Amino acid sequence: MTEHLRASAAADMPGLAAYVLPGDRVYPEGIAADPRTGTLYAGSFQDGTVYRMRPGHRAAEVFLPAGADGRRTANGLKVDGAGRLWVTDSSAGVSVYDTGSRRLLARFVVPGTGARFVNDLAIARDGGAYLTDSLRSVVYRVTPRDLAGARGGPATLAVGFDLGDALEPHGPGDFTLNGIVAAPTGRFLLTDDMLGGDLYRLDLATGAVREVALQGGDMRNADGLELQHGRLWTAHNLDNVIRRWRVARDGTRVRLERSLADASLQVPTTLVRRRGTLYVVRSQFDKGGPLGDGTPEIPFTIAAVRGI
């Protein structure tokens, strides 16, 4: 089945590019969809630019310029149900913007002075935001009350889950937690350890951390996650692979259903699904970006992938 999918999916993806991002040093990392309008947003790991992609327009436009509000990068992105755009800066924390006015609403910063890498985020059913830190192996939490009280910020991020004792053994400078998604039931989160290859269930009611049973594959090099209708999609960056999993209702087990391996994915860092299509970030991190020397293919693009 996997080999058939590889062939058929590749045949369905001529050119791949759904959106073009302006600039020759973009190295995009995150992507988000506005649940109200379908508008997509992508961020540049290189300089923190945030791009907006409107339905029916192939060329993206700059929504927030490089360095806006002191941000150095734009990693994870998410638009919540109220139309607020959350943008993580790996070196600092997360900024929250109004998508209508582009106004900065709040900023939350990582506590302390130690190494940090704020990576991805998810919005839970109650409006709370949860952010992974790949170097500290923790998940930060921003409650709706925290957001209301920040009023432009800066405020300090609080740790919601500490997975240091749950993860596979790793060194102090290793990247661990990466992608994170929230179950629509509001009961739990799922987050991946890209180094150990595991997936973890975080219980929002009890705070319990539990390793998820994986059937048919693992989470090595898993970057961004997408969860819809009982299915989980994972982007495995260095492997140029996208996988689809079936998730048990209680989130304790996932089973691999399909896999797509294609070099034209160009180191996919994350993905979002809209109306049956996966929009995948082609980071090209290995072409002069953070993962290797070389020259990127211009323009940088967001891929549209169907059939998985």
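This structure is a prediction, so every number in the text was calculated from the model and none was measured. (Residues numbered from 1 in each chain as written. Predicted model: local features only at pLDDT ≥ 70, side-chain atom pairs only at ≥ 80, totals over all residues. Heavy atoms only, no water.)

Chemist: Would you take a moment to explain unusual backbone geometry for this structure?
Modeler: Glycine aside, the phi torsion of most residues is negative, and most peptide linkages are trans. Cis geometry is found at the peptide bond from Ile298 to Pro299, where omega equals 5 degrees. Among the secondary structure elements, Pro299 is positioned in the loop between strand E25 (277-282) and strand E26 (300-305). Residues other than glycine seldom take positive phi values, yet Arg102 does so here, at roughly 65 degrees. Tracing the sequence through the fold places Arg102 in the loop between strand E8 (93-98) and strand E9 (104-109). Of the residues examined, Arg102 reaches a relative accessible area of 35% and is grouped as partly exposed. Although it is not a glycine, Val267 adopts a positive phi angle of roughly 60 degrees. In this structure, Val267 sits in the loop between strand E23 (253-261) and strand E24 (268-274). Val267 gets classed as buried once you look at its relative accessible area, which sits at 3%. (Helix = DSSP H or I, 4+ residues; strand = E, 2+ residues; numbered from the N terminus. Buried < 20%, exposed > 50% of the residue type's maximum accessible area, 1.4 Å probe, protein only.)

Chemist: Looking at this structure, I do not really get the pattern of salt bridges. What am I missing?
Modeler: Any two side chains of opposite charge can pair, so long as their charged atoms come close to each other. By the definition in use, this model includes nine salt bridges. The residue Arg246 makes a salt bridge to Glu257 at a minimum N-O spacing of 3.5 Å. Of this pair, Arg246 sits in strand E22 (residues 241-247) while Glu257 sits in strand E23, and the two are eleven residues apart along the sequence. Among the ionic contacts, a cluster of salt bridges with common partners joins Arg231, Arg244, Arg246 and Glu257. (Salt bridge = Lys/Arg side-chain N within 4 Å of Asp/Glu carboxyl O.)

Chemist: Would you mind showing me how to read the sheet that holds strand E10 (residues 118-123) here?
Modeler: Strand pairing in a sheet relies on backbone hydrogen bonds. The paired strands run either parallel or antiparallel. Pairing is antiparallel across the open sheet formed by four strands, whose spatial order is E10-E11-E12-E14. Every other strand in the sheet has two partners, leaving E10 and strand E14 (158-162) as the edge strands with one partner each. Along the sheet, successive strands turn relative to each other by an average axial angle of 30 degrees, direction set aside. The pairing of strand E11 (residues 129-133) with strand E12 (residues 138-142) spans five bridges and is antiparallel. Residue Ala129 lies in a different strand from E12, and its bridge partner there is Val142. (Pairing = 2+ DSSP bridges. Axes fitted to C-alpha atoms, helices over the stretch in contact; angles between N-to-C directions.)

Chemist: What should I look at first to understand the packing of aromatic side chains in this one?
Modeler: Counted according to the given criterion, the structure contains seven aromatic pairs. For the ring pair Tyr19 and Tyr279, a centre distance of 6.1 Å and an interplane angle of 45 degrees mean the geometry is tilted. One end of the pair, Tyr19, is in strand E1 (residues 17-21); the other, Tyr279, is in strand E25, with 260 residues separating them in the sequence. This pair shows no difference in class: Tyr19 is buried, exactly as Tyr279 is. Ring geometry for Phe45 versus Phe285: centroids 5.5 Å apart, planes at 55 degrees, classification tilted. Residue Phe45 is found in the loop between strand E3 (40-44) and strand E4 (50-53), and its partner Phe285 is found in the loop between E25 and E26; the two are separated by 240 residues along the sequence. Note on Phe45: relative accessible area 18%, which makes it buried. Linked through ring pairs, Phe45, Phe117, Phe175 and Phe285 together constitute an aromatic cluster. (Phe/Tyr/Trp six-rings, centres within 6.5 Å; stacked < 30°, edge-to-face > 60°.)

Chemist: How should I be thinking about the nonpolar core in this particular structure?
Modeler: Side chains of a nonpolar character, in soluble globular proteins, are inclined to be buried together. Counting residues in each nonpolar core, the largest one holds 22 residues, and the members touching the most others are Tyr19, Leu21, Ile31, Leu40, Met53, Tyr279 and Ile302. Put simply, the parts of the chain that give this core at least two residues each are E1, strand E2 (28-33), E3, E4, E25 and E26. Excluding residues within four positions of it along the chain, Leu40 makes contact with Tyr19, Ile31, Ala32, Ala33, Tyr51, Arg52, Met53, Val272, Arg274 and Tyr279. (Core = buried A, V, L, I, M, F, W, Y, C linked by side-chain atoms within 4.5 Å. Contact = heavy atoms within 4.5 Å.)

Distances and angles like these do not, on their own, reveal function.
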